[in-house]
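A look at the structure
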Amino acid sequence: RDDMNYQLTEVMAEYRPEHEKMLWSLPLAGSAFKKVYYDPSLGRQVAVFIPAEDIVVPYGASSLERAERVTHVMRKTENELTKLMQAGFYREVELGEPSHQLDDIEKQKAEETGMSAISDSRYRVLEMHVDLDLEGFEHVDEETGEPTGLALPYVVTIEKGTGEILAIRRNWRPEDETYQKRQHFVHYPYIPGFGFYALGLIHLIGAFAKSGTSLIRQLVDAGTL
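Residues numbered from 1 in each chain as written. Predicted model: local features only at pLDDT ≥ 70, side-chain atom pairs only at ≥ 80, totals over all residues. Heavy atoms only, no water.

1. Some thoughts on the overall build of the protein chain
Assigned secondary structure in the protein chain consists of four helices and eight strands. Put simply, the protein chain runs from its N terminus to its C terminus through helices and strands in the order α-β-β-β-β-α-α-β-β-β-β-α. Taken over 225 residues, the protein chain has a buried fraction of 31%. Once local pairs closer than 6 in sequence are excluded, the contacts in the protein chain between residues at least 24 apart make up 54%. (Helix = DSSP H or I, 4+ residues; strand = E, 2+ residues; numbered from the N terminus. Buried < 20%, exposed > 50% of the residue type's maximum accessible area, 1.4 Å probe, protein only. Contact = heavy atoms within 4.5 Å.)

Take a look at the structure:
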C-alpha cells in the first residue's frame, strides 16, 4: 500500500504541471494534445501535454482517427535516448552530434517571449503513427495465402538529423482481426475551426487588433492632413 501511495503521489505531482500547461496553452493556441503511453524509463503509464505545433498531420485530415499519418515531434537529450536504448525501447545506434537547428516556429516563440533562440542541443525525434505495408510482414489472405497489399498501422520512430530508424512497432492489438489503429493521442479543441486545428483567442483577437491598428493609423493620418 505504501508503494501504491508513493506512485500515486508521484503521478499526481507530474500531472499537475502538465495540466497547467494545457490550461494556459489551449485557449491561446486553440488546440492542445495529450499523449497517453507506457514510459519504460519510469515503469508506468504517463499522460503528457503536447503543444499544437508538435503534432503534424497531413493537409486535409479531419481528425486524429481519420488521419493517415500523425507525427509527434519530440526533443530528447542524449542521456534520455541512451536510457531508452538500454531499456530496449529504441535500437542501439550511433547518432553523432545533434543538428542544433531550430525551426521557424521555435524561433518565433522564443522571439515573442523575449528569449534569444540560437540552437538546441537536443535530438529531434519524429514518432510517426502511420499505415505501412512492410515487406516480410504483409497482410495475407487466409484463403489464398497471398499478400493482399493492405497497409497496417505501425509506429515508426526516426531521428530527424541522421534519418536513423530507432524503432518500428505494431500499433494494433494482436487479437484484433480488423487491425484497428490504437490511438495514443487526445485532441482538446477550444473553438472548432474549418480544418483539423481549432481556433484560439489569438486567432479571434488578432483580426480585431489588426483592424483597430488600421483604423487608428487612418485617424492619425487624417488628423495630420
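2. Topic: the sheet that holds strand E4 (residues 69-76)
Spatially, E3-E4-E5-E6-E7 is the arrangement adopted by the five strands of the open sheet, whose pairing is antiparallel. The open sheet has two free edges, formed respectively by strand E3 (55-56) and strand E7 (165-170), since each of these has just one partner strand. This element, helix H2 (residues 78-86), spans E4, strand E5 (123-132) and E7 of the sheet and lies at about 115° to E4. (Pairing = 2+ DSSP bridges. Axes fitted to C-alpha atoms, helices over the stretch in contact; angles between N-to-C directions.)

3. Notes on the packing of aromatic side chains
Counted according to the given criterion, the structure contains five aromatic pairs. Taken together, a centroid distance of 6.1 Å and an interplanar angle of 10° make the contact between Phe33 and Phe196 stacked. One end of the pair, Phe33, is in strand E1 (residues 31-39); the other, Phe196, is in the loop between strand E8 (185-189) and helix H4 (201-224), and 163 residues separate them in sequence. On the basis of relative accessible area, Phe196 is assigned to the buried category, the value being 9%. Between the aromatic rings of Tyr154 and Trp172, the centroid separation amounts to 5.5 Å while the plane-to-plane angle is 85°, which identifies the pairing as edge-to-face. In this pair, Tyr154 is assigned in strand E6 (residues 152-159) and Trp172 in the loop between E7 and E8, connecting sequence segments 18 residues apart. Across the pair, Trp172 and Tyr154 agree in class, each one buried. (Phe/Tyr/Trp six-rings, centres within 6.5 Å; stacked < 30°, edge-to-face > 60°.)

4. Description of the sheet that holds E8
Spatial strand order, E2-E1-E8: three strands in an open sheet with antiparallel pairing. The open sheet has two edge strands, strand E2 (44-51) and E8, and neither has a second partner. When strand polarity is set aside, the average angle formed by the axes of neighbouring strands in this sheet is 20°. Relative to E2, E1 runs antiparallel, the two sharing eight bridges. The residue bridging Ala32 from the neighbouring strand is Pro51, located in E2.

5. With respect to unusual backbone geometry
The bulk of non-glycine residues show a negative phi, and the bulk of peptide bonds are trans. A positive phi angle, near 55°, is found at Tyr179, a position not held by glycine. Locating Tyr179 in the fold gives a position in the loop between E7 and E8.

6. Things to note about the nonpolar core
Among the nonpolar cores identified, the biggest contains 13 residues, and Phe33, Ile50, Ile55, Val57, Leu64, Val70 and Phe185 are the most heavily contacted of them. Of the residues forming this core, the biggest block, three residues, is contributed by E2. Those residues in contact with Phe185 that sit more than four places away from it in its chain are Lys34, Lys35, Ile50, Ile55, Leu64, Val70, His72, Glu127 and His129. By size, the runner-up hydrophobic cluster in this structure holds 11 residues, among which are Met74, Met85, Leu95 and Val125. (Core = buried A, V, L, I, M, F, W, Y, C linked by side-chain atoms within 4.5 Å.)

7. Looking at H2
Listed as buried for H2 are Leu81, Leu84 and Met85. Down the axis of H2, the sector holding all buried residues measures 100°, keeping them to one side. (Arc of directions from axis to C-beta.)

8. Remarks on the environment of Met85
Looking at the secondary structure, you find Met85 in helix H2. Judged by relative accessible area, which is 12%, Met85 ranks as buried. Expressed as a C-alpha distance, the spacing of Met85 and Ala167, which sit 82 residues apart in the sequence, is 9.9 Å. If near-sequence neighbours (up to four positions away) are discounted, Met85 is found in contact with Tyr90, Arg91, Glu92, Val93, Leu95 and Leu166.

9. Considerations on the pairing of E1
Examined bridge by bridge, E1 and E8 share five bridges and lie antiparallel to one another. When the bridges of E8 are listed, Lys34 appears paired with Val186.

10. Description of the side chain of His184
With respect to the helices, strands and loops of the structure, His184 is situated in the loop between E7 and E8. On the basis of relative accessible area, His184 is assigned to the buried category, the value being 17%. At 3.1 Å, the side chain of His184 forms a polar contact with the side chain of Asn171. Once you skip the residues sitting within four places of it in the chain, His184 turns out to touch Lys34, Lys35, Val36, His129 and Asn171. (Polar contact = N/O pair within 3.5 Å; in protein donor to acceptor, adjacent residues only side chain to side chain.)

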